[in-house]
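Analysis of the macromolecular model
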Amino acid sequence: ASGESWSSRVGDFSKARKRLERKPLSVQRTKGSEILFGIAPCSLALSQSRRDLFGLFLKRSSGSRRLVMSEFVLQAAARGVPVHHVRRRELDALCRGQVHQGVCLEATPLRFKSLEEAEEPDVGDEEIPNRQLIWLALEQIQDPMNLGALLRSAYFLGVDRVVASQRNSCPLTPTVSKASSGAVEVFDVYSTDDLRSFLKAKTAEGWEVVGTVSKPEDAESVPVISCLEFQWNKPVIIVIGSEGDGLSLETQLLCHRMLAIPPGRALHPGIESLNVSVATGILLHSICSQKLRHGG
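A quick note: this is a predicted structure, and the numbers were derived from the prediction, not measured. (Residues numbered from 1 in each chain as written. Predicted model: local features only at pLDDT ≥ 70, side-chain atom pairs only at ≥ 80, totals over all residues. Heavy atoms only, no water.)

Our next topic: helix α7 (residues 195-204). Each full turn of the α-helix corresponds to 3.6 residues, which orients residues three or four apart in the same direction. All of the buried residues along α7 are Leu195, Phe198, Leu199 and Lys202. The buried side chains of α7 occupy one side of the element, clustering within an arc of 95° when seen end-on. The outward face of α7, more than 90 degrees from its buried face, is lined by the exposed residues Lys200 and Ala204. In this structure, the buried residues of α7 make contact with β6 (134-138), β7 (161-165), β8 (189-192), β9 (208-212), β11 (236-240) and α8 (249-252). (Buried < 20%, exposed > 50% of the residue type's maximum accessible area, 1.4 Å probe, protein only. Helix = DSSP H or I, 4+ residues; strand = E, 2+ residues; numbered from the N terminus. Arc of directions from axis to C-beta. Contact = heavy atoms within 4.5 Å.)

Written out as structure tokens, the structure reads:
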């Protein structure tokens, strides 16, 4: 009998422990805050002054990442951010199961900048004739993974500015920051509520507006060339369309030329196009490499 009583007590203890383990982390969140996750976004957010920061959450017993975690503690101390050492499941709950790499950071959201806040480069400066500025304009990019990957490529390849349409576009969420490997924490992203007027205004200032198209036959009344043949000697805006539909017809008609990526083989129907962020990376590399050759 005593054996049965002992085993039932052990069973009760085990059940109670499982209940405790299931109990979610109760963090007092600051109103309007969001949870950044991942080593690069959290480290870069801590090193910049773009966000207000409320708390850093680090995984306990990080093992091989102990050095990384100790650097985070130093970064947080420098900014006066409280540090909480928590279990992995608590981090999972904080960022809703995303890949956090043992780090989460509670912070205010990042906002797009308005074009009115931008310092306009002087295109007509006589000291830098034909200055090769390259801007990227995004029309209705809705997927946060695509937006993050686009921003990562734009930052890496030397794009001078990114402007997104406000309507039907993804905001700068923690998922965007993670997908950009933290580029969004250091690289300004602008938005406009009237992309077409913006493109018209840049054309009037002497910029070339260049659209993108998956298949040359999809372009409406605008000349299409291979990105390998594209040459430019004045400021240029590359316009990228939404994941499903590409550029709207109205936006296409504001473009001087359209760029296409030539495929390397005859393509099977149904897989005749590239993911928008991959295509943009290829186009930007092709165009920005000219900028490098000409000395920018």
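Okay, back to it.
Two strands in a sheet stick together by hydrogen bonds in their backbones, pointing the same way (parallel) or opposite ways (antiparallel). Pairing is parallel across the open sheet formed by 8 strands, whose spatial order is β5-β8-β7-β6-β11-β9-β12-β10. Of all strands in the sheet, those with a lone pairing partner are β5 (113-114) and β10 (224-226), marking the two edges. Where β6 meets β11, 5 bridges bridge the pair, whose relative direction is parallel. Looking at the pairing, Ile134 lines up with Val236 of β11. The strands touched by helix α5 (residues 144-157) within the sheet are β6, β7 and β8, with β6 carrying the most contacts at an inclination of about 175°. (Pairing = 2+ DSSP bridges. Axes fitted to C-alpha atoms, helices over the stretch in contact; angles between N-to-C directions.)

It is worth spelling out the confidence of the model for the protein at this point. Summing up the model confidence of the protein, the mean pLDDT is 86 and the portion of residues at 70 or higher is 84%. Across residues 20-24, confidence stays below pLDDT 50; counting only partners more than four residues off in sequence or on other chains, it has 4 contacts. Counted against residues more than four places away or in other chains, residues 123-129, with its pLDDT under 50, gives 3 contacts. (pLDDT = per-residue confidence, 0-100.)

Next up on the list: the sheet that holds strand β1 (residues 34-37). If you walk across this open sheet you meet the 4 strands as β1-β4-β2-β3, and the pairing is mixed. The outermost strands of the open sheet, each flanked by one partner alone, are β1 and β3 (83-86). When the angles between neighbouring strand axes are averaged without regard to direction, this sheet yields 25°. Examined bridge by bridge, β1 and strand β4 (residues 103-107) share 4 bridges and lie antiparallel to one another. Note that in β4 the partner of Phe37 across the bridge is Cys104. With respect to the sheet, helix α2 (residues 39-47) is in contact with β1, β2 (53-59) and β4, its orientation differing from that of β4 by roughly 45°. Packed onto the sheet, helix α3 (residues 66-79) meets β2, β3 and β4 and runs at close to 165° relative to β2.

This part covers the environment of Pro216. As for its position among the elements, Pro216 is in the loop between β9 and β10. Along the primary structure Pro216 and Ser226 are separated by 10 residues, whereas in three dimensions their C-alpha atoms are 9.1 Å apart. Not counting the four nearest positions on each side in its chain, Pro216 is found in contact with Val224 and Ala260.

On to the side chain of Ser226, then. Positionally, Ser226 belongs in strand β10. You can call Ser226 buried: its relative accessible area is 15%. Setting aside its immediate chain neighbours within four residues, Ser226 contacts Leu259, Ala260 and Pro262.

Across all of its chains, the model carries 10 salt bridges by this definition. The residue Asp188 makes a salt bridge to Arg50 at a minimum N-O spacing of 2.6 Å. Of this pair, Asp188 sits in the loop between α6 (174-179) and β8 while Arg50 sits in the loop between α2 and β2, and the two are 138 residues apart along the sequence. For Asp188, a relative accessible area of 26% gives the class partly exposed. Among the ionic pairs, Glu205 bridges to Lys202, the shortest N-O distance being 2.9 Å. Judged by relative accessible area, Glu205 falls into the partly exposed class, the value being 47%. Salt bridges here are not isolated pairs; linked through shared partners, they connect Glu34, Arg51 and Glu185. (Salt bridge = Lys/Arg side-chain N within 4 Å of Asp/Glu carboxyl O.)

Residues Leu274, Val278 and Ile282 make up a contiguous nonpolar surface patch of about 240 Å² in total accessible area. The partly exposed category is assigned to Leu274, whose relative accessible area is 46%. (Patch = residues over 30% accessible without salt bridge, like charges linked within 9 Å, V, L, I, M, F, W, Y side chains within 5 Å. Areas by Shrake-Rupley, 256 points an atom, 1.4 Å probe, with all protein chains shown as cover.)

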